[in-house]
Amino acid sequence: MTSCIAAAASSLAISSPVASSPVTSLTYSSHMNGHCAEALPSIVIECFGVPRVLAGARVEACGGTLGDLAGDLAKRAPVLSGPVLGPDGWVLPGYVFVVDGRFTRDPHTLLGPESAVLLVASAAGG
Amino acid sequence: VGSGVHGVHGRWLQILLPGAEAEAMPIPEATSAAVIGGAGLATRLLFDLCPPGADPLGPENPLIFASSPFAGTGITTASKVAIATRSPQTGMIGDSLSSSWLALALKRTGFDAIAITGQATDWSLMTIDDGQVRLEPAADLLGLDPSATADAVRARLGSEWRVAAIGEAGERGVRYAAIANDGRLAGRTGTGAVMGSKRLKAIAVRGSSLPRVADAAGLAAAARDLTRRSLGPETAKYRELGTAANLAFFSRIGILPTRNFAAGSFEGAEAISGEALFAGHHADRHACAACTIGCEHHYRLKGAAGTTRLEYESLFALGSGCGIDDPDAILRAAMTCDRLGMDSISAGGTIAWAMECRDRGIDLTPWGGPAPAFGDAPAMLALLEEIGARRGLGDLLAEGSRAAAAAVGQGSEAWAMHVKGLELPGYHPGRLRAMALGLAVSARGACHNRSSAYEADLSDALDPDAEAAVIAAAAIAAEDQAALMDSLTVCKFLRHVFDDLPEEAATLYRLVTGHDANGGDLRNAAAGIVAMRRRFNERMGWTPAHDTLPPRLLDGDAAIDRPALDRLIAAYERQRGWTRQAGSTPAA
């Protein structure tokens, strides 16, 4: 079995998940040097589990809907593509967003600047 | 095989102590189909064999080990054994599952289950060799931890033997002692104390008889497909980080039990999170026999040789639950529980009760105290040793939080965090309505494995503000799903791999047994197993008052108050077709 974390770790320093983890700050020209296009909210996605180990505790991305946000996340944290995000930029079946306390896999979920967005495995068993 | 059914032997082995007389007993084909196997079969045998009022630690209480049609077939994760007995911790049904090689050896004995009643005269090792049962002296094994016991037994008998063993906690009757095998524990409800009461330090199993399956080629193809799917993103959490990945997220959303469930978030969560453990302590990963997920992650301890496994439930119970944010101390505590052979959830939960006693000014010195303060890791570690040895305050805490609170009184029952005597698992139910209901009505007591309704709460499938009937339906579905998986003995970490668990399981079941069963049949069987557990409990003294939650979760500013819980329970019973009255549960 190939571990996605082990595979990613060979090219990515695994971040230590502490509360003061800096926001992953990657810049891409297609995203206006890391800034969001006008009218698109910039949202810090809090990552947990595999997404956190791969991309850090918090990743900033842009999107007016959850689908747009996930698509932008794939570009800003490409290490998530494959293990967490599919080729279409949407989360794989094993993952779910929590938006303002509600679990959702609806890409049409509307977001605002104050939206609290978490990304986590959908399996909650322990 | 006593019938035309494949995948099972069609018989169980009754063993009577102290003489170890063994007799093969038939399992009629209809019974086999009705109870499926595993937890269902173990429950049925317990129902038939355990007399009302049986002392859980007395000779009449049976200790049952049951296999399933899927065990030994190549179906991933199905190498599990179900254990059932009357719990010395709850007085109700005690059942617990454990994975790995023991289950395969049990399946090869030529029996679908073994049931042991009576008590040995002296501490003994029981050997079951293709159905031939013997007792050997085991005084030399006393005091050994379960792993060392298994090593000693296999050194004596041969490496082809597989061993179930108890540790010091089981020898001394700690009411939440576990039975261990292959580094795993059947952890909950005190099965190890029952085994100890029979003076069985270990049970060694060897066999050579596997039943044929109905459609070997079809099963091989279906099993390969399931294996492929088991390696997908639905199980990545378990494979990559293990269950410890729950902790930081649970704290973030306010459902991480903290300081004896006084809070749902822990300020030390980041330090003990699964992600931090992965970064700072991770050693390697292990899988049970015949499992392709491989969820068991082992961690290094600073200043100590070797590694230890750590699951989320141990992490919460010995960590945030006790206010401890030192990962090394928690790893050491989990290792201690495994070494002593006891349930880390109940151990941590009972210590958290004692810590709160101290917080509230209740002096436990008359019971061997004083209790440690929340966050005092060295004292917690020392107390675990005292529990295993039943020494000092540990002797009181070895009884569990319900009994300890009853002994101490002074209002301490209010913060004994249990249901039916079983300490709560690591899901603070204050904000999880389906889970709150599931915990309250679960026949085994507060258990996340028999009522995994948290999966509904923590998903987009259930509106948290839904009416009681919707919440009840979710809790019932989760309870029945757990009963089905525990009876087929497939791991619950597979549940997201299935699109339609009953139907897909029925396909596998047909290929293994040749039974023309569909998903509806399996759903009905699972509901029947849940009803049988309740009927067993009724026989053991269950009343509606047992179906509740600790006062802390219902009073004050709790999200679910007592009337709301009552409404949920009423909806649950209505949908089950039960009435809230002891002795009224119909046979399914």
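Residues numbered from 1 in each chain as written. Chains lettered and ligands numbered in written order. Predicted model: local features only at pLDDT ≥ 70, side-chain atom pairs only at ≥ 80, totals over all residues. Heavy atoms only, no water.

Points about the overall build of chain A
Then comes step 1: In terms of helices and strands, chain A carries 3 helices and 5 strands.
Then comes step 2: Element order for chain A, N to C, with α for helix and β for strand: α-β-α-β-α-β-β-β.
Then comes step 3: Going through the 126 residues of chain A one by one, you find that 55% of them count as buried. (Helix = DSSP H or I, 4+ residues; strand = E, 2+ residues; numbered from the N terminus. Buried < 20%, exposed > 50% of the residue type's maximum accessible area, 1.4 Å probe, protein only.)

Considering the pairing of strand β7 (residues 124-129) of chain B
Residue and element names in this part refer to chain B.
Then comes step 1: In terms of burial, β7 is largely enclosed, as 5 of its 6 residues are buried.
Then comes step 2: With antiparallel pairing between neighbouring strands as the criterion, β7 and strand β8 (residues 132-137) make up a hairpin whose turn holds 2 residues, including aspartate 130 at a positive phi of roughly 50°.
Then comes step 3: One ladder, built from 6 bridges, connects β7 with strand β12 (residues 200-206); its direction is parallel. Counted as the bridge partner of isoleucine 128 is valine 205 from β12. (Pairing = 2+ DSSP bridges.)

Section: the interface of chain A and chain B
Then comes step 1: At the interface, 33 residues of chain A touch 42 residues of chain B.
Then comes step 2: Note on chain A versus chain B: buried area summed over both sides is about 2800 Å², and carbon and sulfur give 65% of it.
Then comes step 3: Our count for the chain A to chain B interface comes out at 5 salt bridges.
Then comes step 4: Ionic pairing is found between arginine 52 of chain A and glutamate 270 of chain B, a salt bridge with its closest N-O pair at 2.7 Å.
Then comes step 5: Connecting chain A to chain B are 13 residue pairs in polar contact (both at pLDDT 80 or more).
Then comes step 6: Looking at the side of chain A that touches chain B, the elements that each hand over two or more residues are α1 (4-9), α2 (50-55), β3 (95-99), β4 (102-104) and β5 (117-121) of chain A.
Then comes step 7: Residue classes in the side of chain A that touches chain B are distributed as 21 nonpolar, 8 polar and 4 charged. (Contact = heavy atoms within 4.5 Å. Buried area = accessible area lost by both parts, 1.4 Å probe. Salt bridge = Lys/Arg side-chain N within 4 Å of Asp/Glu carboxyl O. Polar contact = N/O pair within 3.5 Å; in protein donor to acceptor, adjacent residues only side chain to side chain. Nonpolar A, V, L, I, M, F, W, Y, C, P; charged D, E, K, R; others polar.)

Topic: the nonpolar core
Then comes step 1: Formed by 143 residues in total, the largest nonpolar core has its most connected members in Ile75, Met342 and Trp353 of chain B.
Then comes step 2: The greatest single-element share of this core, amounting to 10 residues, is contributed by helix α19 (residues 468-488) of chain B.
Then comes step 3: Apart from residues no more than four positions distant in its own chain, methionine 342 of chain B is found in contact with Ala169, Val174, Tyr176, Ala177, Ala178, Leu185, Cys337, Ala347, Leu384 and Ile387 of chain B.
Then comes step 4: Grouped together as the second largest cluster of nonpolar side chains are 32 residues, Leu54, Leu73, Leu92 and Tyr95 of chain A included. (Core = buried A, V, L, I, M, F, W, Y, C linked by side-chain atoms within 4.5 Å.)

Side note on the side chain of histidine 297 of chain B
Residues and elements named next belong to chain B.
Then comes step 1: Mapped onto the secondary structure, histidine 297 falls in strand β14 (residues 296-300).
Then comes step 2: Under the relative-accessibility criterion, histidine 297 is labelled buried at 2%.
Then comes step 3: Looking at histidine 297, its side chain comes within polar contact range of the main-chain oxygen of tyrosine 238, at 3.0 Å.

Let's talk about unusual backbone geometry
All names here are of chain B.
Then comes step 1: Residues leucine 17 and proline 18 are joined by a peptide bond in cis, for which omega reads 15°.
Then comes step 2: Inspection of the secondary structure assignment puts proline 18 in the loop between β1 (11-16) and β2 (21-26).
Then comes step 3: The linkage connecting glycine 369 with the following residue, proline 370, adopts the cis geometry, with an omega of 5°.
Then comes step 4: You can see proline 370 is positioned in the loop between α13 (344-359) and α14 (377-389).
Then comes step 5: Of note in this structure, arginine 199 is not a glycine but carries a positive phi near 60°.

Let's talk about the confidence of the model for chain A
Residues and elements named next belong to chain A.
Then comes step 1: On average, residues of chain A carry a pLDDT of 81, and 73% of them reach 70 or more.
Then comes step 2: Looking over chain A, one finds the lowest element-wise mean pLDDT in α1, namely 56, and the highest in β3, namely 98.
Then comes step 3: Predicted confidence is poor over residues 9-31, with pLDDT under 50, and the contacts of this stretch with residues over four places away or in other chains come to 44 contacts. (pLDDT = per-residue confidence, 0-100.)

Remarks on the sheet that holds strand β13 (residues 282-286) of chain B
All names here are of chain B.
Then comes step 1: The 3 strands lie next to each other as β13-β14-β15, forming an open sheet whose pairing is antiparallel. Of all strands in the sheet, those with a lone pairing partner are β13 and β15 (307-309), marking the two edges. Pairs of neighbouring strands in the sheet enclose a mean axial angle of 30°, with direction left out of account.
Then comes step 2: Note that β14 and β15 share 3 bridges and pair antiparallel. What sits directly across from tyrosine 299, in β15, is threonine 308.
Then comes step 3: Here helix α12 (residues 327-340) sits on the sheet in contact with β14 and β15, set at roughly 75° to β15. (Axes fitted to C-alpha atoms, helices over the stretch in contact; angles between N-to-C directions.)

Let's talk about the sheet that holds β5 of chain A
Residues and elements named next belong to chain A.
Then comes step 1: Read from one edge of the open sheet, 5 strands run β2-β1-β5-β3-β4, paired in mixed fashion. If you trace the sheet from one side to the other, it starts and ends with β2 (58-62) and β4, each paired once. Averaged over all pairs of adjacent strands, the angle between strand axes in this sheet comes to 30°, irrespective of strand direction.
Then comes step 2: Pairing geometry for β3 and β4, over 3 bridges, is antiparallel. Each residue of the ladder has a partner; that of valine 99, found in β4, is arginine 102.

Digging into the state of the cysteines
Then comes step 1: The full count for this structure, using the stated rule, is 1 disulfide over all chains.
Then comes step 2: Across the disulfide, cysteine 36 of chain A is cross-linked to cysteine 62 of chain A (sulfur-sulfur distance 1.8 Å). In this structure the cystine formed by cysteine 36 of chain A and cysteine 62 of chain A twists about its S-S bond by roughly -85°; its chirality is therefore left-handed. Placement of the pair is cysteine 36 of chain A in the loop between α1 and β1 (42-47) and cysteine 62 of chain A in strand β2, with a sequence separation of 26 residues. Cysteine 62 of chain A shares its class with cysteine 36 of chain A; the two are buried.
Then comes step 3: With no disulfide of its own, cysteine 322 of chain B lies 9.9 Å from the sulfur of cysteine 337 of chain B, the closest cysteine sulfur. (Disulfide = S-S within 2.5 Å.)

Quick notes on the packing of aromatic side chains
Then comes step 1: Taken as a whole, this structure holds 12 aromatic pairs over all chains when the rule is applied.
Then comes step 2: Centre to centre, the rings of tryptophan 90 of chain A and phenylalanine 97 of chain A are 5.7 Å apart; their planes meet at 45°, and the pair counts as tilted. Neither tryptophan 90 of chain A nor phenylalanine 97 of chain A differs from the other in exposure class; each is buried.
Then comes step 3: Following the ring pairs from residue to residue traces out a cluster consisting of Phe48 and Phe103 of chain A together with Phe249, Phe250, Phe261, Tyr312, Phe316, Tyr427 and Tyr454 of chain B.
Then comes step 4: The ring centre of phenylalanine 111 of chain B lies 4.1 Å from the NZ or CZ of arginine 11 of chain B, which sits over that ring.
Then comes step 5: Seen from the ring of phenylalanine 47 of chain B, arginine 539 of chain B lies directly overhead, with NZ or CZ sitting 4.0 Å from the centre. (Phe/Tyr/Trp six-rings, centres within 6.5 Å; stacked < 30°, edge-to-face > 60°. Lys NZ or Arg CZ within 6 Å of the ring centre and 35° of its normal.)

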